[in-house]
Amino acid sequence: MRLTILGSGNARQVPVYNCDCAACQRARLDPAWHRGPCCALIECGAQRWLIDSGITDITERFAPGSLSGILQTHYHADHAQGLLHLRWGLGLRIPVHGPNDPQGLADLYKHPGILDFSQPFAAFERRELGELCVTALPLNHSKPTLGYLLEGAGRRIAYLTDTLGVPEASLSVLRQAPLDLLVLDCSSPPQTSPQNHNDLTLALAVIAELKPAHALLTHIGHNLDTWLMDNPGALPAGVSLASDGQVL
């Protein structure tokens with residue numbers, strides 16, 4: 001099983017337009033520190049699924065027929081905007097499995113084109129997608145949002161974004177067996193009252209609870225990058241920042 005981080009940034013991305021903070025200046029000088037919309041690609045056997053679709057060049061990156069479908073965590077624009085163009089393709093049917101959200105994004109449900117939204121996940125539903133097994137885990141966010149437990153080829157990966165902490169019922173599923181990799185929302189440095197997304201304090205608490213073999217922080221904002229430049233020893237062993245293009 002292979003996971004590729006296609007984008008590791010929050011809605012603002014990095015560098016942020018018209019921002020001169022240290023992290024944004026670094027990203028302008030070194031593309032390795034660019035952070036695009038948060039999304040990934042999971043591959044297992046013949047299965048090849050996008051996790052979210054916030055990147056706007058899906059049709060350029062992925063040839064027709066090269067994707068098995070899309071696992072949508074939720075329908076905020078920075079995670080779903082790529083669907084608005086992808087839908088107008090011809091001669092294909094692309095399943096989009098995600099939360100049952102009556103609002104969706106814009107007019108996607110009214111004009112789905114080649115996208116098939118007909119099979120939303122129920123909470124904790126487990127689906128066998130060829131060699132890949134996917135379990136939908138409810139998260140804490142301002143829109144209906146799912147994380148995904150991805151199992152196949154002897155590996156167990158949890159992909160959890162966007163969320164503020166993790167609900168106990170979802171933690172209970174994840175505790176049932178050791179995780180090889182936890183990819184977890186961490187949008188900001190330590191905050192007094194984080195809202196809608198994990199700060200570093202909450203993210204590290206979740207990691208300590210689940211004890212994955214490795215944890216990767218994603219949905220990263222420029223303020224977290226800047227804070228870590230000033231606090232380079234803040235991440236414990238086994239925890240690292242995701243980067244665009246990273247393959248695990």
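For the structure itself, look to the data block above.
Cut-off values and rules
- Residues numbered from 1 in each chain as written.
- Predicted model: local features only at pLDDT ≥ 70, side-chain atom pairs only at ≥ 80, totals over all residues.
- Heavy atoms only, no water.
- Helix = DSSP H or I, 4+ residues; strand = E, 2+ residues; numbered from the N terminus.
- Polar contact = N/O pair within 3.5 Å; in protein donor to acceptor, adjacent residues only side chain to side chain.
- Contact = heavy atoms within 4.5 Å.
- Pairing = 2+ DSSP bridges.
- Axes fitted to C-alpha atoms, helices over the stretch in contact; angles between N-to-C directions.
- Buried < 20%, exposed > 50% of the residue type's maximum accessible area, 1.4 Å probe, protein only.
- Arc of directions from axis to C-beta.

*Asks:* I would appreciate a short explanation of the side chain of Thr73 in the present structure.
*Replies:* Inspection of the secondary structure assignment puts Thr73 in the loop between strand E4 (69–71) and helix H3 (77–80). Separated by 2.7 Å, the side chains of Thr73 and Asp52 make a polar contact. Here the side chain of Thr73 touches His74 through a polar contact of 2.8 Å, side chain to side chain. Dropping the residues within four chain positions of it, Thr73 is found in contact with Ile51, Asp52, His79, Pro99, Pro144, Thr145, Leu146, Tyr148 and Thr161.

*Asks:* What exactly am I supposed to notice about the sheet that holds strand E7 (residues 126–129) here?
*Replies:* Where strands meet in a sheet, backbone hydrogen bonds hold them as pairs that are either parallel or antiparallel. One open sheet accounts for seven strands, arranged E7-E8-E9-E10-E11-E12-E13; its pairing is mixed. Two strands close off the open sheet at either side, each with one partner strand: E7 and strand E13 (239–241). Sheet twist, expressed as the mean angle between neighbouring strand axes with direction ignored, is 20 degrees. The pairing of strand E9 (residues 146–152) with strand E10 (residues 155–160) spans five bridges and is classified as antiparallel. The partner of Leu150 across the bridge, within E10, is Ile157. In this fold helix H6 (residues 200–210) packs onto strand E11 (181–185), strand E12 (215–218) and E13, with an angle of close to 155 degrees to the strand it touches most, E11.

*Asks:* Is there a simple way to explain helix H1 (residues 22–29) in this structure?
*Replies:* Since one α-helical turn is 3.6 residues long, residues separated by three or four positions face the same way. Listed as buried for H1 are Ala23, Cys24, Arg26 and Ala27. Considered in projection along H1, the buried side chains sweep an arc of 160 degrees and stay on one side of the axis.

*Asks:* What should I look at first to understand the sheet that holds E4 in this one?
*Replies:* The six strands lie next to each other as E1-E2-E3-E4-E5-E6, forming an open sheet whose pairing is mixed. A strand with exactly one partner marks an edge of an open sheet, and here the two such strands are strand E1 (2–7) and strand E6 (115–116). Two strands pair when backbone bridges link them, and strand E5 (residues 94–97) and E6 are joined in this way by two bridges, in the parallel orientation. Opposite Pro95, over in E6, you have Asp116 as the bridge partner.

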